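# Chains, contacts and geometry: an overview
This is what each chain is made of:
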Amino acid sequence: MYSLVQDSLSLLHPYDFEEVGQLAALFGLYIWDHIDGKQTRSYASQYKPFPIPHPDEVVFDEDDVSIIVPTVDWDENLPRNLITWLACKPREVIFVTVESQVDALQSALEEAPGVSEAVKDAGTDIQISTVQEANKRTQLCQGISVAKGDVLCLVDDDARWTSDQILRQLLAPFQDEDVGLVGGPIGSHIPEERRDPEVITPWEVAALRIRHRRGPGMAAFYAADRSTNFTVSGLTMLIRAEIVKDPYFQYLFMHDLWNGVRQNTGDDSFITRYVLFQHLLPHRQNSWVSRKQWRLGIQLTPEAEVQTSILADSRFAAQCKRWYRSGLRLRFTCLLYEPGFIQMRETAPYMARKMWGGMFNPILTAIRIYLWCCAWSSFPLIAALLLLYVLYNWVSSLRGFSRQFPYCGSKIWAAVIADNLYLVSDIYSYFTLSVESWSNRSSVQRNGNPILAK
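This write-up is about the structure you can find in this document. For clarity, every value in this text was computed on a predicted model and none was experimentally measured. (Residues numbered from 1 in each chain as written. Predicted model: local features only at pLDDT ≥ 70, side-chain atom pairs only at ≥ 80, totals over all residues. Heavy atoms only, no water.)

Okay, the packing of aromatic side chains next. Under the counting rule described, the total for this entry stands at 22 aromatic pairs. For the ring pair Tyr30 and Trp372, a centre distance of 6.1 Å and an interplane angle of 75 degrees mean the geometry is edge-to-face. One end of the pair, Tyr30, is in helix α2 (residues 17–46); the other, Trp372, is in helix α15 (residues 361–378), and 342 residues separate them in sequence. What makes Trp372 buried here is its relative accessible area of 13%. Centre to centre, the rings of Phe60 and Phe174 are 5.9 Å apart; their planes meet at 85 degrees, and the pair counts as edge-to-face. Residue Phe60 is found in the loop between α2 and β1 (65–70), and its partner Phe174 is found in the loop between α7 (166–171) and β6 (179–183); the two are separated by 114 residues along the sequence. Like Phe60, the residue Phe174 is buried in the burial classification. Through a chain of ring-to-ring contacts, three or more aromatic side chains come together here, namely Tyr248, Phe249, Phe253, Phe270 and Tyr274. Just above the ring of Tyr30 sits the side chain of Arg368; from NZ or CZ to the centre is 4.8 Å. (Phe/Tyr/Trp six-rings, centres within 6.5 Å; stacked < 30°, edge-to-face > 60°. Helix = DSSP H or I, 4+ residues; strand = E, 2+ residues; numbered from the N terminus. Buried < 20%, exposed > 50% of the residue type's maximum accessible area, 1.4 Å probe, protein only. Lys NZ or Arg CZ within 6 Å of the ring centre and 35° of its normal.)

Written out as C-alpha cells, the structure is:
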C-alpha cells in the first residue's frame, strides 16, 4: 500500500503546484459547464405551456387585439406576412411608417394577390399611420396611441405567423391577471426553394444555428423564475394596452439613452425590462397605472411559433452586431442601474444569475484559453483526452442540428463559426456599445441618427 501511494505521488512529482492547479481550474470550468447545462435541461423539462381556456371563459379574444407594425423599407414578403396575421382575425392592423412612404405601402398592400380577400374574410380594419422620421420607438408609440384594442400585439414586418391559432395561443397566458407581456417560440423561415445545399448560403446556416440554440433556454428560464432568456422577442409580443398607453411608460421608452445617444432599437429589451421590474423603479409614483408586479407569459407550443425570414447575405452580420450590443446594454442596465442586481435577484433570481455570469464571458474566455495553453504545455495527454470529450459533445450537437436541417450539411462550417462567435462578439460589443442603428433599413443612417433617406 505504501509503495502504491509513493508511486502515485511520484507521477505528480515532475509538476509543481501551479501547473496542477491550472489543470484543476480547467477541469473545474468544464465541470461547471456540465452542471449548468444539466440544470438548464432539468428546468426546461419542468416547463408547462398555458392551457387554452374554454371560449366562454376567455379574458381576451382575437377581437380585443390590435396589431401594430412599425415599418420602413419593407421587402416583398410583407403582404404575404400580413395574410398570415389576418388569418387570426385580429380587431385591427396598424402600420406605422414615414410620410414619404405611405403611398408605396398602400400600393404594395392593395396590389398584392390575396390581401384584399384576406382582409374581407377577417373583417379586420387596416390603418396606416405616420411619423416624420424613421425611428422604431417613435413608430411604436404612434401605433400605441391610436390602437383601440385591450391587448396590443407588436409585430415586426418580417414576422410570418405559422398558424391561425397564434393569437388564441398567445392570449391564453392573460388568463392570469398578473401576466402583462406574452411571447412565444421564434423560428426561422427558409423558403422551400432555398432548402437546397447548393442554394442556401453560409449566412442562413449561421442564423439557423443561432436560433436553434436559443429555444431550450426559453423554457428553462420560465420554469426557473417566470422570466425569459433576457428578452421577449419583438418579432411578435403581446402586451396589455394599459401598460404601454401609460404616459410614464412612453416617456421612459422615448427618453431611453445610452451614453447620451437616444435609443432607436432595443425596444423589445426595454419593454421586457420594464414589465418585469417597473414596480421597483424609484419614480414609479409618476405612473397613471397602479403599482403592480407584472409577470411574463411564455407560451412555447408549436401552434404559437412565429417565424422570421433570414438575411441571406452579409447584412446578417450587421444584424448580429446590433443584437449583441443591445443584449449587452440590457445586461448593464439591469445589473447596475434599473433595477440593479440585488433587486433584480428578488424578482428573477435565475435571470439575474445568468445575466451576471454573462458579463464575465470575455474574462472567462481569456482564462479558458490561457488554461488550455498551460494544459497542452504541461499535461499534453490529459489535454488531448479533455479535448476529445469537448469535441465529442460539440460534434453531437452539430449532428443534431444537421438532422433537423439536412440541407445545411454542406455548409456546416458556418454553424461552427456561429458557435464560436462569442470569442469576438462580447469584446466587440464592449467597444461599440454606443453605436446605435436600425442597420438593415436604408432609410436610417448607420451612424445611429435616425433620419429619412435623402
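Time to look at the nonpolar core. Formed by 58 residues in total, the largest nonpolar core has its most connected members in Leu152, Ile271 and Met351. Here the element with the most residues in this core is helix α11 (residues 267–277); it accounts for six residues. Leu152 has contacts with Ser66, Ile68, Ile144, Ala147, Met237, Leu238, Ile239, Ala241 and Val244, leaving out every residue within four places of it along the chain. Counting 35 residues, the second-largest nonpolar core is a separate cluster that includes Leu78, Ala112, Val151 and Leu171. (Core = buried A, V, L, I, M, F, W, Y, C linked by side-chain atoms within 4.5 Å. Contact = heavy atoms within 4.5 Å.)

Listed in full, the buried residues belonging to helix α6 (residues 136–146) are Lys136, Arg137, Gln139, Leu140, Cys141, Gly143 and Ile144. Looking at where α6 begins, the residue whose side-chain oxygen comes 3.0 Å from the main-chain nitrogen of Arg137 is Asn135. (Polar contact = N/O pair within 3.5 Å; in protein donor to acceptor, adjacent residues only side chain to side chain.)

Our next topic: the packing of α11 against helix α12 (residues 315–336). Relative to each other, α11 and α12 sit at 25 degrees, their axes nearing to 10 Å. Classified by the angle their axes make, α11 and α12 are roughly parallel. In the crossing of α11 with α12, the sense of the turn from one axis to the other is right-handed. Contacts from Ser269, Arg273 and Phe277 of α11 reach α12 at Ser326, Leu330, Thr333 and Cys334. Across the contact of α11 with α12, the residue classes tally to three nonpolar, three polar and one charged. (Axes fitted to C-alpha atoms, helices over the stretch in contact; angles between N-to-C directions. Parallel < 35°, antiparallel > 145°, perpendicular 65-115°, else oblique. Left-handed = near helix turned anticlockwise from the far one by under 90°. Nonpolar A, V, L, I, M, F, W, Y, C, P; charged D, E, K, R; others polar.)

Here we take up the pairing of strand β4 (residues 151–155). For β4, the buried fraction is high: five of the five residues fall into the buried class. Side chains of β4 alternate between two faces, with Val151, Cys153 and Val155 and Leu152 and Leu154 buried alike. Examined bridge by bridge, β1 and β4 share four bridges and lie parallel to one another. Bridging across to β4, Ile67 finds its partner in Cys153. (Pairing = 2+ DSSP bridges.)

The sheet built from three strands is open, its strands ordered β5-β12-β7 with mixed pairing. The open sheet has two edge strands, β5 (159–161) and β7 (186–189), and neither has a second partner. Strand-to-strand twist across the sheet, computed as the mean angle between neighbouring axes with direction ignored, equals 40 degrees. Of the strand pairs in this sheet, β7 and strand β12 (residues 306–309) are connected by four bridges, and their pairing is parallel. Bridging across to β12, Ile186 finds its partner in Val306.

One pass over the full model with this rule turns up twelve salt bridges. Among the salt bridges present, the one from Arg194 reaches Glu204, with a minimum N-O distance of 2.7 Å. You can see Arg194 sitting in the loop between β7 and α8 (202–225) and its partner Glu204 sitting in helix α8, a full ten residues away along the chain. A relative accessible area of 22% places Arg194 in the partly exposed class. (Salt bridge = Lys/Arg side-chain N within 4 Å of Asp/Glu carboxyl O.)

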